[in-house]
Amino acid sequence: MKLRHAYFIVAALLAIAAMRAASNIHELSPTYDETAYLSVGNYYVKTLDFSKRMDRPPLLAVLGGIASLPTNPDIPEWNVTTTQAESEKKFLYNMGNDLDSIIFFTRSVSLILYVLLGIVVFLFARDLYGQNAGLFALFLYTLEPNFIGHGILATSDVPIAFFMTLSIYTFYRFIKDQNIKNLTVTGIVTGLAYLTKFSAIYVLPIMLVFGVIAIKLDAIKWKKFTTSFIAISTITLLVINTGYVFQGSFQPVLEKGKSYQSLESYFKDKSDLYASAIRFTLFDIPMPVPHYYALGLANVVLHDLSGHSSFLLGEYSRYGWWYYFPVAFLLKAPIPVILLLFATAFLFIKQGFQNRTRLAEYFLISFSVLYLLVSMQGSISIGVRHIFPIFPPMIILFGRLINHVDLENNKSGKINIKLVAIILVSVWYIITSASIHPHYIAYFNELVGPDNGHLYLADSNIDWGQDLKNLKLYLESNGIEEVKLKYFGTAPPEYYGIKYENLTCEPTQGVIAIS
C-alpha cells in the first residue's frame, strides 16, 4: 500500500472516530468530575492561583480555560466563606456564563488529545510491525467504545493515557537514538503527564524498570542511562514547576503549626514511629515541586488510604477489591479486544520476542503489567477509566498479529483461517461499537450487556451524571411533568428544566428516575 493511501485511511479512521465522539459534546450534561475542569480552568487562567482544586494537576483545566476564553466568562470569588463546590456551581449555573459554549470549547481540548493518541498508536505500531499493523492498531483504537465515550469529556482519563503512551514512545525512541533532542522531548512529555493526573507519579519509576531492561538487552550502557535518567527527571521537574509558575517550589508539603484533621484521623490506628516518619516527611522536607502539586498529591494519597465508596458485583466496599480492575476490564472491554489479547499473549508465548522489536515489546508489556498491578493495590475502585493507560500499549501490541496473517491473494485455493478470523473479529468489533451509539459511557460487552451493567459496576462505568439532557427529552416526549429523581452528579436538574422531587428510600408512587 502506498504511503499516501495509508495516510488517507488514518485520516478517515480518526475523522470517523472524532465525529462519533463529538456527536455527544452538546448532548451530555456535565459529568461528575467535569464540573471542576469546566470551572476552575478559567479561574487559573485569569488569576494564576493554583490553590483551588489541588486534587488534580492544572494542565487540562488551564487548556480548557484558554480554549473557552472566547466566551469571556465571569469568574466567582473564591474565599474562606465559599466552598469549592459552591464556587464551581455558581460559575457554571448562576452567573449568566454561556455554559454550552464553555462545555464545547473545554471538551474540544479533550477531543484533540483523543485524536492525537490515535496518531501515537498508529506511529508506534507502524514503527514496530509495519504499516498494516499501524492501520490495524488505529482501527482498533478508533472503535473502542470506552475511549469514544470518555474522549470528549473534560476529564483527565483519556489525556493521561495519551501522555503516558507518548512518554513510552519518546523514551523508546531515545533508547534507539540517544541524542539530546530525544532526551529533551522525553522529559517534556513526562512533565506534561505529571501535570495531567497524579497517577503519572509512576511514570519515572517505571522508566527505571525500562532502563534495567534496556541495559540487560545491551541497548544502552548503565552510565549513559543513569545520566540520561537524571536529565529526564530534571526536565520533568522543570516542566512541573513551570506549569505552576514555580509557586511554592522547594517548600515542605504542610505548614507547621496548622491543624490537619484528616491527617490526624488517619494516624489514630498507626504506630508512633510510622506517624512520626510521615509527619517529618510532610512538615520538614522541602520538595522540588510546587507546593500545591505536593499538597494535591498528598491529598490524593490520603484519599486512597481513607477509602472511597465502591460497588462491584452487587457488593459495596469502602476500600475496594484487589480484583476490581481485572473484573471491570472483562466486563467493559469489547469481547473482540479480549480475544485479541489472548491471541497476542499466545503468540508471545509461542514465538517469544522478536529481536528487532523486543525492546519496545518489553516496555509496552512491563508498563501495562506494572500499571495494572499498582492500580489493583489502591482503594479507589470507581471505574475502568482508571486503567485507560494500559489500553493503548495493549492495542499497539495487537499489531503484531497482522504480520502473521497473509493479506495477499490466496492462490493455493485454501481457506486462510487466520485472515478469516481477523475479518470476523473486526466485523464483530464494528457491530458492537456501533450498537452502543451514542451511549458509549454505559457500554458493557456481551458478557452482561448494557441493560444489566448496573448489576455489576456503577459510577463512571455506566452513569456519571451525563444524561440530564436526555432525561429532559424523555420527560417531554412522554408528557411527564414531574419525576422522583435520585441523581448521581453535580449539575442541578432544575437548570435543564426538570421538575423533580428528591427520591428517598421510603415507598412512593409516580415516575422514578435513578442515576
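The sections below set out a description of the structure shown in this document. (Residues numbered from 1 in each chain as written. Predicted model: local features only at pLDDT ≥ 70, side-chain atom pairs only at ≥ 80, totals over all residues. Heavy atoms only, no water.)

Assigned secondary structure in the protein chain consists of 20 helices and five strands. A principal-axis box enclosing the C-alpha atoms of the protein chain has dimensions of 75 × 60 × 50 Å. Relative to its full complement of 515 residues, the protein chain shows a buried share of 53%. Contacts in the protein chain between residues far apart in sequence, at least 24 positions, make up 75% of those at least 6 positions apart. As displayed, the protein chain offers around 23,800 Å² of accessible surface, 62% of which is attributable to carbon and sulfur atoms. Seen as two clouds, the 39 positive and the 37 negative side-chain charges of the protein chain have centres 12 Å apart. (Helix = DSSP H or I, 4+ residues; strand = E, 2+ residues; numbered from the N terminus. Buried < 20%, exposed > 50% of the residue type's maximum accessible area, 1.4 Å probe, protein only. Contact = heavy atoms within 4.5 Å. Areas by Shrake-Rupley, 256 points an atom, 1.4 Å probe, with all protein chains shown as cover. Lys, Arg positive; Asp, Glu negative; His and termini not counted. Charge placed at Lys NZ, Arg CZ, Asp CG, Glu CD.)

Under the definition given, this model contains 33 aromatic pairs. Ring centres of Trp-321 and Tyr-324 lie 6.4 Å apart, and the angle between their planes is 15°; on these two criteria the pair is classed as stacked. Taking relative accessible area as the criterion, Tyr-324 reaches 0% and is therefore assigned buried. Pairwise contacts between aromatic rings join Tyr-114, Tyr-141, Phe-147, Phe-329, Phe-388 and Phe-391 into one cluster. Lying over the aromatic face of Phe-444, Lys-332 brings its terminal NZ or CZ to 4.7 Å of the ring centre. The side chain of Arg-400 reaches across the aromatic face of Phe-348, ending 4.4 Å from its centre. (Phe/Tyr/Trp six-rings, centres within 6.5 Å; stacked < 30°, edge-to-face > 60°. Lys NZ or Arg CZ within 6 Å of the ring centre and 35° of its normal.)

This paragraph deals with helix α3 (residues 59-67). Leu-59, Leu-60, Ala-61, Gly-64 and Gly-65 are the residues of α3 that are buried. Those residues of α3 that are buried are in contact with α2 (34-47), α5 (99-129), α8 (157-176) and α9 (180-194).

Let us look at the environment of Val-62. Within the secondary structure, Val-62 sits in helix α3. With 14 residues separating them along the chain, Val-62 and Leu-48 place their C-alpha atoms 9.5 Å apart.

Right, let's get into the environment of Thr-281. Following the sequence through the fold, Thr-281 ends up in helix α13 (residues 272-284). Only 2.9 Å separates the side chain of Thr-281 from the backbone oxygen of Ala-277, close enough to count as a polar contact. (Polar contact = N/O pair within 3.5 Å; in protein donor to acceptor, adjacent residues only side chain to side chain.)

Now for the sheet that holds strand β3 (residues 483-486). Note on sheets: strands pair through backbone hydrogen bonds, and any given pair is parallel or antiparallel. A sheet is described by the order of its strands in space; here three strands give the open sequence β4-β3-β5, paired in parallel fashion. For this open sheet the edge positions go to β4 (500-502) and β5 (512-514), each flanked by a neighbour on one side alone. The mean inter-strand angle of the sheet, taken between neighbouring strand axes irrespective of direction, is 30°. (Pairing = 2+ DSSP bridges. Axes fitted to C-alpha atoms, helices over the stretch in contact; angles between N-to-C directions.)

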